[in-house]
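# Examining the three-dimensional arrangement
These are the residues of each chain, in order.
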Amino acid sequence: EKKEMARVAASLVRPGSTIFLGTSTTTNLMAQRLTSANLTVVTNDLQIALELQRHQGIYLIFLGGHVRNYFECTVGNMGLKFLENLSADKAFMSANALSLAKGATTPNLEQAEIKKGMMGIAEWKYLICDSSKIGKRTICSYAKAEEFHRLITDAQIPDHAKEVLEKQGIEVVCS
């Protein structure tokens, strides 16, 4: 399911675009599909950076900060300050949970701040989130559901959750 969601997300990327890739296993799978594109990619994910730095057609910008141990990503004020100087066509984000009331959440405050920073300067915002995380929440909300233009999820999303999200203005795409 995650591979299919990553395929759908990667199909939304156009050559010449500037995109943000948030940190997650699904965005990592997405990055593996972007190897031949003429892109600028901004990320705070170490694994995504290692994958994309091998490809000449990708101009990679890696956000600074301190490394969040065991999570293979950077967080902190250094990355937030750097984001203030950037803009992007699209942001592809993930969430540990997607509350129908609170939106996209993560259990780490510093990670939530980086995600908010990426969201704030991207023109189009996409959430990649499997259905097992929908209807749940963790402690730190970083974006309300209506801030996303599209949710990319799997076909097991409950009908009620899909209806609520669509009423909030988010297009739900099931892979």
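Going by the structure above, here's the rest.
Let us look at the structure shown here. All of these numbers come straight from a predicted model, not from anything done at the bench. (Residues numbered from 1 in each chain as written. Predicted model: local features only at pLDDT ≥ 70, side-chain atom pairs only at ≥ 80, totals over all residues. Heavy atoms only, no water.)

## Side note on the side chain of T105
- Position of T105 relative to the elements: it lies in strand β8 (residues 103-106).
- The exposure class assigned to T105 is buried, which follows from its relative accessible area of 1%.
- Residues contacting T105, with those up to four places away along its chain left out, are A95, N96, A97, R137, T138, C140, S141 and Y142. (Helix = DSSP H or I, 4+ residues; strand = E, 2+ residues; numbered from the N terminus. Buried < 20%, exposed > 50% of the residue type's maximum accessible area, 1.4 Å probe, protein only. Contact = heavy atoms within 4.5 Å.)

## Quick notes on the nonpolar core
- Judged by nonpolar contacts, the single largest core of 33 residues is most densely connected at F20, L127, Y142, F148 and L151.
- Only β5 (73-75), β6 (88-94), α5 (109-120), β9 (122-128), β10 (140-143) and α6 (159-167) provide two or more residues apiece to this core.
- Ranked by the residues each element gives to this core, the list is headed by α5, at four residues.
- Apart from the residues within four sequence positions on either side, F148 is in contact with M93, A104, M119, K125, Y126, L127, Y142, A143, G169 and I170.
- Residues V13, M30, L39 and V41 belong to the second largest nonpolar core, which totals 22 residues. (Core = buried A, V, L, I, M, F, W, Y, C linked by side-chain atoms within 4.5 Å.)

## Some thoughts on the pattern of salt bridges
- For the structure on display, the rule yields six salt bridges.
- E4 is the salt-bridge partner of R7, the closest N and O atoms lying 2.5 Å from each other. In this pair, R7 and E4 both sit in helix α1 (residues 2-10), three residues apart, roughly one turn of the helix.
- A salt bridge links R150 to E171; its shortest N-O distance comes to 3.1 Å. Placement of R150 in strand β11 (residues 150-153) and of E171 in strand β12 (residues 171-174) is noted, with a sequence separation of 21 residues between them.
- Its relative accessible area of 39% is what places E171 among the partly exposed residues. (Salt bridge = Lys/Arg side-chain N within 4 Å of Asp/Glu carboxyl O.)

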